[in-house]
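Residue-level listing of the chains:
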Amino acid sequence: MNYVAAGWSAAIVLIGLYGWRTIRRGRVLARNLPPKDETWR
Amino acid sequence: MAATAPPAQTVAAPPGPASCGTGDLTTRVLGLIAAVTGALTAYLGLVFTPRDAVQGQLVRLIYVHPAAATTCYVGFGLCAVASVAYLWPRTRHRRWDRLAAASGEVGVLFCIVTLITGSIWGRASWGVWWTWDARLTLTALLCAVFIGYLAVRRTTGDPDVRAKRSAVFALLCIPIVPIDHEATTWWTTLHQGNTLFRSNPSIHGSQLVTMLLSFVAFGFGFAWLMVHRYRVEVLEDRYDQEGFAVAIAERRAEGSG
């Protein structure tokens, strides 16, 4: 069961970290740009 | 490039609703569906479904590893389609290059997840973390060449030349995907054959339902990451075009203040 836990944890942590990093990257970029009505805002 | 330069007096936006980054209702809905289907997959996969007669508890990795592998193929496939659309003169638009960049990077993420979960599964069932089996080797090669693709994307110079070069590189790499997928059919490998994509699937009942649900969860997770990553590309393009002007405006504002 340790291997199962390791596999599931690795997947969740990697995807979560990448998602967090991507969202943070977007926030930093948006903060450093003039306000503009992007299509998704 | 479609964006126009900002007025000279423009300064960076203060933190607040206008600088909320890449999120909106679409990403929140996609993220929520991915989280709910992912949590349900985890409950069914780790608690509800029975252990396997041959693999025992290890079968529970089947609710992560194949879905990650399929999602990585989808990412690289999307990267290739977007690359063709960019190279084709009639459809050439910056949005295709952004889509290729986003899908290539997210594809690499899922490829790494596939390699790590596969390695853990291999250690438990074969006794080794890694073996130079056809499927494993091709998946590692796929990951390496798409990391190379991301490196090509980071080269400096004319963005149009870089986009064309990256698109050609992606199209040279993409044939590895079908070869990797068929590796267990074409060669004798340690890796087990296809579980789902055959006339008589070797998985049934709650295990089959949970495995299909894992594909749905990873699919929504992929879509959620893709939307965020694509929007980061849009913002990076804007930053490349406007960032210098903004920095100058800020210095002027500091100097006059």
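Model, not experiment: these values are computed from the prediction.

Colleague: In this structure, what is going on with the interface of chain A and chain B? I would like to understand it.
Modeller: Accessible area lost on assembly of the parts is the figure often given for the size of an interface. Listed by partner, the interface residues are 27 residues for chain A and 42 residues for chain B. By residue class, the composition of the side of chain A that touches chain B is 17 nonpolar, 5 polar and 5 charged.

Colleague: I'm lost on the environment of Arg231 of chain B in this one. Help?
Modeller: You can see Arg231 of chain B is positioned in helix H7 (residues 205-256). Judged by the 27 C-beta atoms lying within 10 Å of it, Arg231 of chain B is buried.

Colleague: Can you help me understand the packing of helix H2 (residues 65-87) of chain B against helix H3 (residues 94-125) of chain B in this one?
Modeller: Residues and elements named next belong to chain B. Taken N-terminus to C-terminus, the directions of H2 and H3 make an angle of 160 degrees; their axes are 7 Å apart at the nearest point. It follows from the interaxial angle that H2 and H3 lie roughly antiparallel. Both H2 and H3 take part in a crossing whose hand is left-handed. Grouping the constituent residues of the contact of H2 with H3 by class yields 17 nonpolar, 10 polar and 1 charged.

Colleague: It is not clear to me how the packing of H3 of chain B against helix H4 (residues 134-153) of chain B should be interpreted in this structure. Could you clarify?
Modeller: Pairs of packed helices are described in terms of their axes, by the angle between the two and the distance that separates them. Residues and elements named next belong to chain B. The N-to-C vectors of H3 and H4 enclose an angle of 150 degrees; their axes lie 9 Å apart at closest approach. In this view, H3 runs roughly antiparallel relative to H4, as classed from their interaxial angle. The two elements H3 and H4 meet at a crossing, and its hand is left-handed. Facing H3, whose interface residues are Ala101, Gly104, Glu105, Gly107, Val108, Cys111, Ile112, Thr114, Leu115 and Gly118, H4 presents Leu136, Thr139, Ala140, Leu142, Cys143, Phe146, Ile147, Tyr149, Leu150 and Arg153. Taken together, the residues of the contact of H3 with H4 sort by class into 13 nonpolar, 5 polar and 2 charged.

Colleague: Looking at this structure, how should I read the nonpolar core?
Modeller: When a protein is soluble and globular, its nonpolar side chains tend to lie buried together. With 55 residues, the main nonpolar core has Ala68, Ala100, Cys111, Phe146 and Ala170 of chain B as its most contacted residues. A per-element tally of this core places H3 of chain B first, with 15 residues. Sequence-distant contacts of Ala170 of chain B, that is, excluding residues within four places in its chain, are made with Cys79, Ala80, Ser83, Ala100, Gly104 and Tyr149 of chain B. Among the nonpolar cores identified, the runner-up in size contains 6 residues, and Leu29, Ala30 and Leu33 of chain A together with Val234 of chain B belong to it.

Colleague: Explain helix H1 (residues 25-48) of chain B here, please?
Modeller: Over its 24 residues, H1 of chain B extends 32 Å from the first C-alpha to the last, a length consistent with the 34 Å expected when each residue adds 1.5 Å. Within H1 of chain B the residues assigned to the buried category are Thr27, Gly31, Ala34, Gly38, Thr41 and Gly45 of chain B.

Colleague: How do you make sense of the confidence of the model for chain B when you look at a structure like this?
Modeller: Low-pLDDT stretches of the model should not have their predicted coordinates read in fine detail. Residue and element names in this part refer to chain B. Chain-level pLDDT for chain B is 87 on average; 90% of the residues reach the 70-or-more range. Between the elements of chain B, mean pLDDT differs from a low of 88, seen in H7, to a high of 97, seen in H2. This stretch, residues 1-18, has a pLDDT under 50; its non-local contacts, to residues over four places away or in other chains, come to 37 contacts. In the model output, the complex is listed with pTM 0.87 alongside ipTM 0.92.

What counts as what
Residues numbered from 1 in each chain as written. Chains lettered and ligands numbered in written order. Predicted model: local features only at pLDDT ≥ 70, side-chain atom pairs only at ≥ 80, totals over all residues. Contact = placed C-beta atoms within 7 Å. Nonpolar A, V, L, I, M, F, W, Y, C, P; charged D, E, K, R; others polar. Helix = DSSP H or I, 4+ residues; strand = E, 2+ residues; numbered from the N terminus. Buried ≥ 20, exposed ≤ 12 C-beta atoms within 10 Å, placed from the backbone. Axes fitted to C-alpha atoms, helices over the stretch in contact; angles between N-to-C directions. Parallel < 35°, antiparallel > 145°, perpendicular 65-115°, else oblique. Left-handed = near helix turned anticlockwise from the far one by under 90°. Core = buried A, V, L, I, M, F, W, Y, C linked by C-beta atoms within 7 Å. Expected span 1.5 Å × (residues − 1). pLDDT = per-residue confidence, 0-100.

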